[in-house]
Amino acid sequence: MWVFRDIGRGVMTTAEVFASPIVPAGTVRFLGHEGAYWRLRIKGAALVVATLGIYRFWLATDVRRFLWSNTEISGDTLEYNGLATELLVGFLFAVAILVPLYMIFALVVLELDMVAIKPVLIGFALLALLGEYALYRARRYRLTRTVFRGLRFDQHGSPWRYALYALVCWGIVIVTLGLAYPWTSAFIERFKMRNTSYGDLHGRFEGSGLSLFLRGLPMWLVVVGVPIMAIVAMARLIDWEMLGNALALSQGDSEFMNTLIKNNPQIGKAIGLIFGAFFASITVAIVLYPVFQAVKLRWWISGLRFGEIAVTSRLRIRQVYRVYLRLLLYLFLLGLLAGIMGGLTVFAVLGTVRLLHNATVTQVVGGAIGLLLYVVFMIGSSTIYQVIVAAGLWRLGAETAALTGEAALDGVRATGSPSSALGEGLADALGVGSI
Amino acid sequence: MTLTADTPESAPPNGPAIYFDGTCSARNDVVVEAGIAGLQIFAGDRHLLDEWLYAELRRQAAPDGVLRLGRHGETLLARLEIRDAALAGAIEDRAVTLDRGGVAERKLRRKVVILSLAAVVSLIFTAIIGVPVLATRVTPLIPISVEQKLGNAVDGQIRATLDTKHLGAGFVCGTGANGAAGRAALDKLVGKLQAAAALPYPLRVDVVRRADFNAFALPGGHIYAFQGLIDRAQSPDEVAGVLAHEIGHVAHRDGTRTVLQAAGLSFLFGMMLGDFVGGGAVVIAARTVVRSSYSRRVEASADLYSVDLMHKVGGDPRALAAILARVTADHDEGIKILADHPDTKDRVIAINAVAPKDATTPLLDAADWAALKQICAPSSASVTAPASPPAATNAPTPVKTIQVRPATPGAGQKDDPAVAEQGGTAGGQK
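Analysis parameters
- Numbering of residues starts from 1 in every chain and runs along the sequence as written.
- For this description, chains carry letters from A and ligands carry numbers from 1, given in the order in which they are written.
- Totals for whole chains, interfaces and linings use all residues, but because this is a predicted model, local features are given only for residues with pLDDT of at least 70 and pairs of side-chain atoms are given and counted only at 80 or more.
- Segments assigned H or I by DSSP are reported as helices when at least four residues long, segments assigned E as strands when at least two residues long, and all are numbered from the N terminus.
- The exposure label follows from counting other C-beta atoms within 10 Å of a residue's C-beta, where the C-beta atoms are placed from the backbone and the thresholds are 20 or more for buried and 12 or fewer for exposed, leaving partly exposed in between.
- In this description, a residue-residue contact is defined by the distance between C-beta atoms placed from the backbone, which must lie within 7 Å.
- Each residue gets one of three labels, nonpolar for Ala, Val, Leu, Ile, Met, Phe, Trp, Tyr, Cys and Pro, charged for Asp, Glu, Lys and Arg, and polar for the others, Gly among them.
- Paired strands, in this sense, are two strands between which DSSP finds at least two bridges.
- By this rule, a helix spans an expected 1.5 Å times one less than how many residues it contains.
- For helices, the fitted line uses only the C-alpha atoms of the stretch in contact; every axis is such a line through C-alpha atoms, and the angle between N-to-C directions lies from 0 to 180 degrees.
- Angle categories: roughly parallel below 35 degrees, roughly antiparallel above 145, roughly perpendicular from 65 to 115, and oblique for all the rest.
- We call a set of buried Ala, Val, Leu, Ile, Met, Phe, Trp, Tyr and Cys residues a nonpolar core when their C-beta atoms link them within 7 Å.
- Across the chain, each position has a pLDDT score giving the predictor's confidence in that residue, from 0 to 100.
- Note: crossing handedness is left-handed where the near helix turns anticlockwise from the far helix by less than a right angle, and right-handed where it turns clockwise.
- The reported arc concerns the directions from the helix axis to the C-beta atoms and nothing else.

1. Focus: the overall build of chain B
Across its full length, chain B holds 14 helices and 10 strands. Relative to its full complement of 430 residues, chain B shows a buried share of 45%. Within chain B, contacts between residues separated by at least 24 positions form 66% of all contacts whose residues are at least 6 apart in sequence.

2. What about the overall build of chain A?
Along chain A, the regular secondary structure elements total 13 helices and 13 strands. Counting across all 435 residues of chain A, residues that qualify as buried make up 32%.

3. Quick word on the interface of chain A and chain B
Facing 61 residues of chain A, the contacting portion of chain B comprises 60 residues. Per element, the largest residue contribution to the side of chain A that touches chain B is nine residues, and it comes from helix H12 (residues 359-399) of chain A. Split into classes, the residues belonging to the side of chain A that touches chain B amount to 33 nonpolar, 16 polar and 12 charged.

4. Here's the deal with the sheet that holds strand E4 (residues 71-73) of chain A
Residues and elements named next belong to chain A. If you trace the three strands from one edge of the open sheet to the other, you get E3-E4-E5, paired in antiparallel fashion. Each edge of the sheet is formed by a strand with only one pairing partner; in this case those strands are strand E3 (28-30) and strand E5 (76-77). Two elements, E4 and E5, share two bridges in a ladder whose sense is antiparallel. Its bridge partner lying in E5, Ile73 is registered against Asp76.

5. What to know about helix H8 (residues 279-312) of chain B
Along its 34 residues, H8(B) runs 49 Å from first to last C-alpha, staying within 8% of the 50 Å computed at 1.5 Å per residue. One or two residues past the end of H8(B) sits Gly314(B), with phi positive at roughly 80 degrees.

6. Observations regarding the packing of helix H5 (residues 159-175) of chain A against helix H6 (residues 181-194) of chain A
Residue and element names in this part refer to chain A. At a minimum axis separation of 9 Å, H5 and H6 run at an interaxial angle of 170 degrees. The angle between H5 and H6 falls in the class roughly antiparallel. In this structure, H5 contributes Tyr162, Tyr165, Ala166, Cys169, Ile172 and Val173 to the contact, and H6 contributes Tyr181, Thr184, Phe187, Ile188 and Phe191. In terms of residue class, the contact of H5 with H6 is made up of 10 nonpolar, one polar and no charged.

7. A short note on the pairing of strand E4 (residues 48-53) of chain B
Residue and element names in this part refer to chain B. The sheet contact formed by strand E3 (residues 38-42) and E4 spans five bridges and is antiparallel. Across the sheet, residue Gln40 finds its bridge partner in E4, namely Glu51. In this antiparallel pair of consecutive strands, E3 and E4, the connection spans five residues, and Arg46 shows a positive phi of 70 degrees.

8. Some details on the environment of Trp170(A)
Along the chain, Trp170(A) falls in helix H5. When the C-alpha atoms of Trp170(A) and Ala235(A) are compared, they prove to be 28 Å apart, with 65 residues separating the residues in sequence.

9. Focus on the nonpolar core
If you look at soluble globular proteins, the nonpolar side chains tend to sit buried side by side. All names here are of chain B. Ala225 and Leu243 are the most contacted members of the largest nonpolar core, which totals 103 residues. The leading source of residues in this core is H8, at 11 residues. Ignoring anything within four residues of it in the chain, the contact list for Ala225 reads Val205, Val207, Ala215, Ile230, Val242 and Leu243.

10. Observations regarding unusual backbone geometry
Residues and elements named next belong to chain A. Its identity as a non-glycine residue notwithstanding, Leu52 has a phi of 50 degrees, on the positive side. Mapped onto the fold, Leu52 is located in the loop between helix H1 (34-50) and helix H2 (56-69). Note on Leu52: 24 C-beta atoms within 10 Å, which makes it buried. Even without glycine at this site, Leu177 takes up a positive phi of about 55 degrees.

11. Let's talk about the pairing of strand E8 (residues 151-155) of chain A
Within a regular beta strand, the side chains point alternately toward one face of the sheet and then the other, so they alternate between its two faces. All names here are of chain A. Most of E8 sits inside the fold, with five of its five residues counted as buried. Alignment of strand E7 (residues 146-148) against E8, held across two bridges, turns out to be antiparallel. Paired with Phe148 across the two strands is Leu151, which belongs to E8. Following E7, the chain reverses through two residues before pairing antiparallel with E8; Arg149 in that reversal takes a positive phi of roughly 55 degrees.

12. Some remarks on the confidence of the model for chain A
Put simply, chain A has an average pLDDT of 85, and 85% of its residues get 70 or more. Segment residues 1-19 of chain A: pLDDT under 50, and 39 contacts once partners within four positions in sequence are set aside and those in other chains are kept.

13. Considering the sheet that holds strand E10 (residues 222-226) of chain B
Residue and element names in this part refer to chain B. Strand order across the open sheet formed by three strands is E8-E10-E9, with mixed pairing between neighbours. Each edge of the open sheet is held by one strand with a lone partner, namely strand E8 (204-208) and strand E9 (215-217). The sheet shows a mean angle of 15 degrees between the axes of neighbouring strands, taken without regard to direction.

14. As for the environment of Lys373(B)
Take Lys373(B): it is sitting in helix H11 (residues 366-373). Sequence separation between Lys373(B) and Pro236(B) is 137 residues; the distance between their C-alpha atoms is 9.1 Å.

15. Examining the packing of helix H11 (residues 317-354) of chain A against H12(A)
Residues and elements named next belong to chain A. Direction vectors running N to C along H11 and H12 enclose 165 degrees, while the axes themselves pass 10 Å from each other. As judged from the angle between their axes, H11 and H12 are roughly antiparallel. As H11 packs across H12, the resulting crossing turns out to be right-handed. When grouped by side-chain class, the residues that make up the contact of H11 with H12 number 23 nonpolar, eight polar and two charged.

16. Considering the environment of Ser381(A)
Along the polypeptide, Ser381(A) turns up in helix H12. Linking Ser381(A) and Ala134(A), residues 247 residues apart in sequence, is a C-alpha distance of 26 Å.

17. What about helix H1 (residues 85-94) of chain B?
All names here are of chain B. Among the residues making up H1, those that are buried are Leu87, Ala88, Ala90 and Ile91. Down the axis of H1, the buried side of the element spans an arc of 160 degrees, and every buried residue falls inside it. The inward-facing, buried residues of H1 abut strand E1 (14-20), strand E2 (28-34), E3, strand E6 (67-71) and strand E7 (79-82).

18. Here's the deal with the confidence of the model for chain B
Residues and elements named next belong to chain B. Of the residues in chain B, 83% have a pLDDT of 70 or more, and the chain-wide mean is 79. The secondary-structure element of chain B with the lowest mean pLDDT is helix H13 (residues 401-404), recorded at 24, while E7 shows the highest, at 94. In this model, residues 1-8 is a region of pLDDT below 50 whose contacts with residues beyond four sequence positions or in other chains number 17 contacts. Confidence drops under pLDDT 50 across residues 380-430; counting only partners more than four residues distant or on other chains, this segment forms 123 contacts. Quick note on the complex model: pTM equals 0.81, ipTM equals 0.81.

The structure is reproduced here in structure tokens:
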């Protein structure tokens, strides 16, 4: 499109106006090239290992810049304007909060002479609460560092209340063996989105628990239902009275099993049944995991609302499967490469070191090589996962999403201000951080 | 892509851009002119929307092929997005803050990496040198009552770990009628040592039914000696020498110090460093190497304490060296930097170098020594002794001597894993 413009001192200037990109309104695209992301991740991983983790704040910032910048919504890209130093300071603050907390906890345990299990449980609950608190504040940090069309996103709402809700929800999910998960997820997403805004445009979440439940029910029946039926079946096969007697009579372990098997001919069958059911359940769970991911992601994206703007997702299950198959392929290749390279290194280095005829040196060098190989393999797997799955699903989610009512995007007014990175730091120190 | 053909030389570079004013999300198609001091932003109808000085321009994260500009020090996030390469180049030429080609950014990153590496080196040195020094200074400030509570907390765990045959109360030797004489002999021996040691709190020494050659002290003054130690000792002074070494740990409050050191190490390797995928293994390796280096120093000083204390009570200060040398003579010493005790040969040499060579009389008479040797004797005769049948199987019969030799080569060199790291698994298990 060529346009003639008349500006300044009456000089005619020809300019190609591709300032405004020609994209159908409401489209969401991901512009990033995977090659660039691989480079960013691999270089970052090497530096993270070299600095024993200190570089992670810079890597996280680079990653976010890349993902945000390349996500285009209705013709404009997002912008991440957080700084790595903010994350570092947030982490140091978190450490300053956590260290005294751990110390107080240790002293309380000592002073009260509590039995080992109780303080561990209380500590676990407290850390879980703090972890959820940190997650919510970290989300606030990321949102307030997200700029779109010159306005930032924002999040309000009490992080403590969120943490409490989240823990209660987890409790409900565990008690109901996962059946309540769709409703608790919807509840949590509603809380998050209700407190999210883009400028003066308020967010909300319209995904319903029931629809997620109906889509997930078949999966639940296979993965959780089958083992439950197996347990029930086993309970019927076993003669409980006999079992009780055997328990009461027995002293040692082997004796107990002998009595049990003698008096309970069905027990072998029952144990076989239960193992078979659990094995099948775990296998099916692994195979169906991409389905779960696809269903959940699609449900989540389709539930997002900002004022009049609604998002829909056309994400297909097979697309998510393709992502995971690629992950398997790359992990296999990494394993192969690590095996060959590791074998060669061990052979070459240890062969050389052995010439010194010093057992200690050989053992130390061997240990160091083993450690190095382990770290390289682990960080390599994590990098592959981040590029193929984490970024892959991000891209898929973006490319299959579409906006309706996007006209509202033109009249949003600015509000809000940036928030501190403490939440991010806590999330990092507690190990609950994400992209 | 400005067509410069019909643009006079004097005309400043200009081109299309997208402008967001920071108060409203509306997208404005504008024309930007790169003037002498800054950018002039014109609306489509040629009216001047905004003027940005070059000095306040900042590059913002953007996809490839887009120059996204913001203004430094603004609370509003006004943005200018330029896709026109020629115009973007012209602006980059004029505004040094934009860091054309990312040279300044790369330099900054290099600095970050170098400083991070320096931080890693500094923290590692802190771990090796600073943490033990700090722990030594802080240990005397910990009240004895806290140390005793700590000992009680660890005691239960340690006992559960060691008592693999679930003997319960019968795990401790000398509780039944049969062991009473042995218990009395042990108390006599410990009493002599304790009187000379002048400790801040009373000792509690127990012999437990474990066949390995080992002994260790917990915070708060609880010392465990294994049956394997009593069985292999050839004189009361050898037992006393090992006990004196453990009393050395108690006197130096090594248990508390180890807990403080472990806490400091966890803080450095775990919280400050090592937080990345696969970092757990690095953390464990680093902690093990550093901790063993602390521990070797602590052991050496407990050996010296033993020599001193044995000398004070009139025992043979070289007995510790004798039993160490005899029991660990034929064992592989393992990897030196991972061992928590110094090399036995070095220990024996160090002990013999400082120990006086005066002739001494045994600390227990023959009768008491014989009773002590029998402290773990089977107590089947006694009706009151709990858990008799398992205890009987554990008696020092010749068949059982197979167990005398520690199962793992690593365990051979350790006559006592000092008190131990907090977790409690330290005990004789290693």
